[in-house]
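# Architecture and fold: a report
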Amino acid sequence: MAGTPPTTRAFRNVFLPTEGVSLTLEEDRLVVKDKALAKRFRVKVCGIPFGSALSTITIPYYNILWSDTTVPTSITIHYTVWKSKTTLSRETLTYSLNDERASQVAQAWSDRLLSLSYGKAQRQRRAKVLINPHAGPGHAVSIWENEVRPMFLHARMTIDETRTTRQGEGTDICENLDIDAYDMVVVVSGDGLAHEVLNGFAKRPDARRALKQVALAHIPAGSGNALSLNLNGSHRPGPCALAVIKGVTTDVDLMSVTQGDRRLLSFLSQSVGIIAECDLGTENLRWLGAKRFDVGVAYRIFNKRVYPCDVAVRTEIRDKAEITAHYRRVQRGESKVANVEESAGGEAGDGLPVLRFGTVNDEVPADWDKFSLDTMGSFYCGNMAWMAPNANFFPAALANDGLMDVVTNNGDIPRMEYINLMTDIEKGRFYDNTRVTYRKIVAYRFTPRNQEDGYISIDGERIPFEPFQVEVHPGLATMISKSGKFDAFGPTGWEEAK
Ligand code: ADP
Ligand code: MG
């Protein structure tokens, strides 16, 4: 054999596909040196190439979607480039190879590039994609077709897509899904469709297996996209598509809500009072997108709306300083709360976990704290930190600490103070506001009093205005998250949200 032709060599991390081109694997990026690239990436002013052109580009591994070779002719690298802080474009590099030996070298190098680019993330996930054409301002289909699907295809995912045609279809599809045929369900919608997916799994005889085996992923296209903020650290479709491709499977706590004879799963939040009314009572303002929440809040504050209720809570941590300490301990991997282990295990075969505290129809356990609140302004219980791009309602929430965070405030306070309280949410000062009570809990019951009707929001969906009870199930679901961690003060949610 004549040996490797001089222009096609791979030694250490450098691959030389052809004359004048080198591809180098560095610690966290691919470095491409290519004279021909100079022309392609040269800045143009009024269509005229301008300035000295670069012949080197660096591509972080996170941005690389795929790399492969065709025997015997070429190597192709698909990747994404940030066009702005919030949008990505897709690019492709292709180099011809001069013989079959070169293709073999290229294949080995390309495999290394892929393993560096994917790390712990599973490659070529098989995705069931649900697109809600009705979500938010109605852009879900174009978001999917123009921004997300091309990226998924470049990442060589297997895609099976369905456009939902009615409410509840997401639940029906997931109730009957062949869970061995997919690695994840991707919702291209708001939080409502994600809620439907989890509740579809919940209806199955093998609920627990389905929730663990098929990961939930979110591409934001609704008016409420909290799940994306928490999982992907963004509410923009492009960055989220990349976060889903490169994300890792992550255990996430879910909550059971019982009301009447029903049992629902909730992944995000339950709310009653001012926040619930603004979330649900302003559907006619859908065209406003996320802004509709703000209009509603101002209106209710002006009218000093209060929501009398009885609340019973099984509290785990009640002091803000202790909550902060708990948050830091969990972040450092030093501790999980005791009842995570206690409750994570078996029970009830493959179905949903047995309810540790019974249902809303049972007696309230004797050791719960009981409150009668005549002037409740808002009751908000959450599992994740971010509820909207500027709303880190639960800054100490960790979706995998086996605890729910609950915040309440009195509605009978001076209007200016109330307005300050609400603006503190956006300013990141909500947690420290002395008007806000913040606890970490494992279960509670909420009973409305003296009101004909009203709004109760579960993950942004309305349920009847009747008593309900909630308990948390540690690690019941699997979701795709960008980093495998929940960190409201760190990159997740924060990048886009601040
Ligand atoms: P948004 O944040 O815009 O409200 P969601 O994902 O929460 O978006 O979806 C809103 C609701 O739309 C969900 O309750 C879902 O069941 C429902 N839905 C899904 N597909 C359709 C459809 N084709 N027509 C009407 N409603 C739909
Ligand atoms: Mg939690």
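Please refer to the structure higher up on the page.
Residues numbered from 1 in each chain as written. Chains lettered and ligands numbered in written order. Predicted model: local features only at pLDDT ≥ 70, side-chain atom pairs only at ≥ 80, totals over all residues. Heavy atoms only, no water.

### Points about the side chain of Ser378
Relative to the assigned elements, Ser378 resides in strand E20 (residues 376-382). Its relative accessible area of 3% is what places Ser378 among the buried residues. Contacts of Ser378, omitting those with residues within four sequence positions, involve Val272, Gly273, Ile274, Ile275, Val407, Thr408, Asn409 and Tyr418. (Helix = DSSP H or I, 4+ residues; strand = E, 2+ residues; numbered from the N terminus. Buried < 20%, exposed > 50% of the residue type's maximum accessible area, 1.4 Å probe, protein only. Contact = heavy atoms within 4.5 Å.)

### Focus: the pairing of strand E18 (residues 309-317)
Two strands pair when backbone bridges link them, and E18 and strand E19 (residues 369-373) are joined in this way by five bridges, in the antiparallel orientation. Paired with Val313 across the strands is Asp369, a residue of E19. The sheet contact formed by E18 and strand E24 (residues 437-448) spans eight bridges and is antiparallel. Bridge pairing in E24 places Ala312 opposite Arg445. (Pairing = 2+ DSSP bridges.)

### A few points about the coordination of the magnesium ion (ligand 2)
Donor atoms from the polypeptide that bind the magnesium ion (ligand 2) are Leu398 (O), Asp401 (OD) and Leu403 (O), placed at 2.1 to 2.2 Å. Given the relative accessible area of 0%, Leu403 is considered buried. (Donors = N, O, S within 2.8 Å, 3.2 Å for Na, K, Ca; no water.)

### Some thoughts on the site of ligand 1
Neighbouring residues of ligand 1: 20 residues in total, closest Gly136, Thr164, Ser189, Gly190 and Glu196. In this structure, Gly190 approaches ligand 1 through a main-chain N or O atom, which is 2.7 Å from an oxygen atom. Burial of ligand 1 by the protein amounts to 86% of the accessible area it has alone, namely 570 Å². Sorting elements by how many residues they give to the shell around ligand 1 places helix H5 (residues 191-202) first, with four residues. (Near = heavy atom within 4 Å. Polar contact = N/O pair within 3.5 Å; in protein donor to acceptor, adjacent residues only side chain to side chain. Areas by Shrake-Rupley, 256 points an atom, 1.4 Å probe, with all protein chains shown as cover.)

### With respect to the environment of Ile301
Checked against the element boundaries, Ile301 lands in helix H10 (residues 292-302). The exposure class assigned to Ile301 is buried, which follows from its relative accessible area of 3%. Separated by 110 residues in the primary sequence, Ile301 and Gly411 place their C-alpha atoms 8.1 Å from one another. The contacts of Ile301, once residues within four sequence positions are left out, are Ile274, Arg415, Tyr418, Ile419 and Met422.

### Notes on the sheet that holds strand E9 (residues 74-82)
Sheet architecture is open: three strands sit in the order E8-E9-E10, paired in antiparallel fashion. With one partner strand each, in any of the chains shown, strand E8 (64-70) and strand E10 (88-96) form the two edges of the open sheet. Across the sheet, the axes of successive neighbouring strands diverge by a mean angle of 15°, strand direction being ignored. Inspection of the sheet shows E8 paired to E9 by six bridges, in the antiparallel sense. (Axes fitted to C-alpha atoms, helices over the stretch in contact; angles between N-to-C directions.)

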